[in-house]
Structure formats: C-alpha cells, structure tokens
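A look at the structure
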Amino acid sequence: MPLNEKSNLEEEQIKALYEALNRSNYAVVISGAGISIAAGGVTYSGMAGRLGWGARDLMSGNPTKMYEAYYKSFLGSMFEHGPTEAHKAIAELEKMGHVGGVITTNVDCMHTMAGSTNVAEIEGSFQINVCQSCHERTYGYEIWRNGEMPRCDMCGGLLLPYNMYAHASVLDSELRRAQQMIAKADLIIIIGANGCYTHLYWNYQKRGTKIIQINPSRTYFDQVADINIHLEADPVFIKLMEMFKENPSLS
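Residues numbered from 1 in each chain as written. Predicted model: local features only at pLDDT ≥ 70, side-chain atom pairs only at ≥ 80, totals over all residues. Heavy atoms only, no water.

Some words on the overall build of the protein chain
Regarding its fold elements, the protein chain presents nine helices and nine strands. Split into buried and exposed, the 251 residues of the protein chain put 52% on the buried side. The contacts of the protein chain with a sequence gap of at least 6 include a subset with a gap of at least 24, amounting to 64%. Approximately 11700 Å² of the protein chain is accessible, and the part contributed by carbon and sulfur atoms is 48%. (Helix = DSSP H or I, 4+ residues; strand = E, 2+ residues; numbered from the N terminus. Buried < 20%, exposed > 50% of the residue type's maximum accessible area, 1.4 Å probe, protein only. Contact = heavy atoms within 4.5 Å. Areas by Shrake-Rupley, 256 points an atom, 1.4 Å probe, with all protein chains shown as cover.)

A few points about the packing of aromatic side chains
On inspection of all chains with the given rule, the structure shows eight aromatic pairs. Summarising the aromatic geometry, the rings of F126 and W144 are spaced 5.0 Å apart at their centres and angled 90° between planes, so their arrangement reads as edge-to-face. In this pair, F126 sits in the loop between β3 (119-121) and β4 (128-131) while W144 sits in the loop between β5 (137-139) and β6 (159-161), placing the two residues 18 residues apart along the sequence. Residue classification places F126 among the buried positions, given a relative accessible area of 0%. Overall, W144 belongs to the buried group, its relative accessible area being 0%. Measuring from centroid to centroid gives 5.1 Å for Y220 and F221, while their planes differ by 65°, and the two rings are edge-to-face. These aromatic residues form a ring-pair network of at least three members: Y70, F126 and W144. (Phe/Tyr/Trp six-rings, centres within 6.5 Å; stacked < 30°, edge-to-face > 60°.)

Observations concerning the pairing of strand β8 (residues 210-214)
Burial runs high along β8: four of the five residues are buried. Pairing between strand β7 (residues 187-191) and β8: five bridges, direction parallel. Bridge pairing in β8 links I188 to I211. Where β8 and strand β9 (residues 227-229) come together, three bridges link them in parallel fashion. Residue pairing in the sheet places I214 in a bridge with I229 of β9. (Pairing = 2+ DSSP bridges.)

Focus on the nonpolar core
Formed by 30 residues in total, the largest nonpolar core has its most connected members in L17, L21, I191, F237 and L240. Put simply, the parts of the chain that give this core at least two residues each are α1 (3-23), β1 (27-31), α5 (85-95), β7, β8, β9 and α9 (233-246). Ignoring sequence-local partners within four residues, the contact set of L240 consists of I14, L17, Y18, L21 and L93. With 24 residues, the next largest nonpolar core counts M66, L75, F79 and L160 among its residues. (Core = buried A, V, L, I, M, F, W, Y, C linked by side-chain atoms within 4.5 Å.)

A look at the pattern of salt bridges
Under the criterion given, the structure shown has six salt bridges. Between K88 and E85 there is a salt bridge, with the nearest N and O atoms lying 3.7 Å from each other. In this pair, K88 and E85 both sit in helix α5, three residues apart, roughly one turn of the helix. The exposure class assigned to K88 is partly exposed, which follows from its relative accessible area of 41%. Classification of E85 by relative accessible area gives partly exposed; the value is 37%. A salt bridge links R145 to E142; its shortest N-O distance comes to 2.6 Å. The class for R145 is partly exposed, based on a relative accessible area of 42%. (Salt bridge = Lys/Arg side-chain N within 4 Å of Asp/Glu carboxyl O.)

Looking at α9
A rise of 1.5 Å per residue sets the reference length of α9, with its 14 residues, at 20 Å; its end C-alpha atoms lie 20 Å apart and thus fit the reference within 8%. When α9 is considered as a whole, its buried residues turn out to be A233, D234, V236, F237, L240, M241, M243 and F244. (Expected span 1.5 Å × (residues − 1).)

A few points about the side chain of N129
Locating N129 in the fold gives a position in strand β4. Take N129: its relative accessible area is 0%, and that puts it in the buried class. N129 has contacts with E136, R137, T138, G140, I143, W144, L159, L160, P161 and Y162, leaving out every residue within four places of it along the chain.

Points about the environment of L200
Note that L200 resides in the loop between β7 and β8. Sequence-wise, L200 and A178 are 22 residues apart; in three dimensions their C-alpha atoms are separated by 9.1 Å. When near neighbours in sequence (up to four residues on either side) are disregarded, L200 contacts V170, L175 and Q179.

Now the structure itself:
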C-alpha cells in the first residue's frame, strides 16, 4: 500500500476509535505488555526469565542483590520512564467518562500510576505483595521505591509481588472484576495484548460488542476485531486526545 494511502487509512481508523468512544456507554480497555514498551521496560515474563523462577530462594539468600536485579530488569523502567502517553490518555478518558475500566496482565502498575482507578490486574502487580513468611498481603507499589526489598509490617518477612510469589498464577478477585467489566462492555479496546488469560473472561462479553485492536503486530485478535490499528499505542492515543480537544463539546 502506498505511504499516503496507509497514512489516510490509519487516520480514518483513529477517527473510528474516537467515534466509537463517543457512542459507547461502557468501554473497557484490555492491555498487555505492548502498551508499556515505550517506557523501555521488559515484560514481566522476560524479567522472570532473566532472574529465574527460583527467585524466591535467591531473594532469601541475598535480598540486596535480588532488589538490584528487580530494579535493573523491571522497576527502573516502571518508575523512571512510565507511565506512557497511552496510559495517561486512558486515565484521562476514564475521568471524561469514556472508559469504564481496564483489564491488564501487566504487573508494572502504570495504569494506576497514570491515574486510572478501575483496573483489574489479573496476574497481580507490584502493588499486590505477599509475605513469604506469614503470607499477609501488603498493598501499594511505593514500597518498591525505597532501594531495598520491602518487608512485612506484621512479621518482618520479605515481600514478593503476587505474580512472582504465585509463579504467574491468576488472582481470582481481579479475574472476577475483569469478568464483570467485560459483561458490561459495549466497546472493547485491546492494546498490545497477545491473548494471555483472555479465555478466562472473554466469553462474558455481550453479543454485538464492538472490538478495536491497537497493536503493530498481528495477533489472535486480528480475527475477531472490527478494526485493527497496526500502530504503536502512544501515537494512536496522542492523536485520539487531539481529536477530543478539538471537539470539547463531545467530551
């Protein structure tokens, strides 16, 4: 396709996304690792691959070394380069009433950091942490900014984010939230996701729900989406928010 035709198509697709959000009564965003790439981080599975799923034993033996590995592999990009423009736009769209909630497999907390308030983190995140000793949960990602492995207020044991603690297990309470969101949605926007765990909530959607995918790569969702915008998330959302600013009466 000639470059100018491709550009026109992409412009039309973003406009279609804008119009779909204006018509929607309850839009849900599904995000995967692709939305966070602009922050320069690795995926959590990539971090686990670097550190090894035996990280619990490593951390117990040398918590300082473990924290340094976490920060270098993951937390640095989360705190120093995130959230991305897409995360910020989604949070703003929630405030404007255009997005009802977010479902994510990401554990980087960037949706919350950007200001989104209704986020189902179905694999947990660095704001859902579990003590290795007494198994009490501690909530909040700020405990990971302190330069050392966080410890439990109850017993002093070392904390792990739920995903690493449970070896990438789904968090049931968050999954139920995701199912409830999907059941209400009349618009689903999929960003940088490959379909991991989607089977656990996808069938809860209503018949006729409009689906728009934003991903530079082709995925499973190409087959089910009404519109596939094959671009990175940030430029799409920058353009989308410009459209809302140009038409404030529709916001």
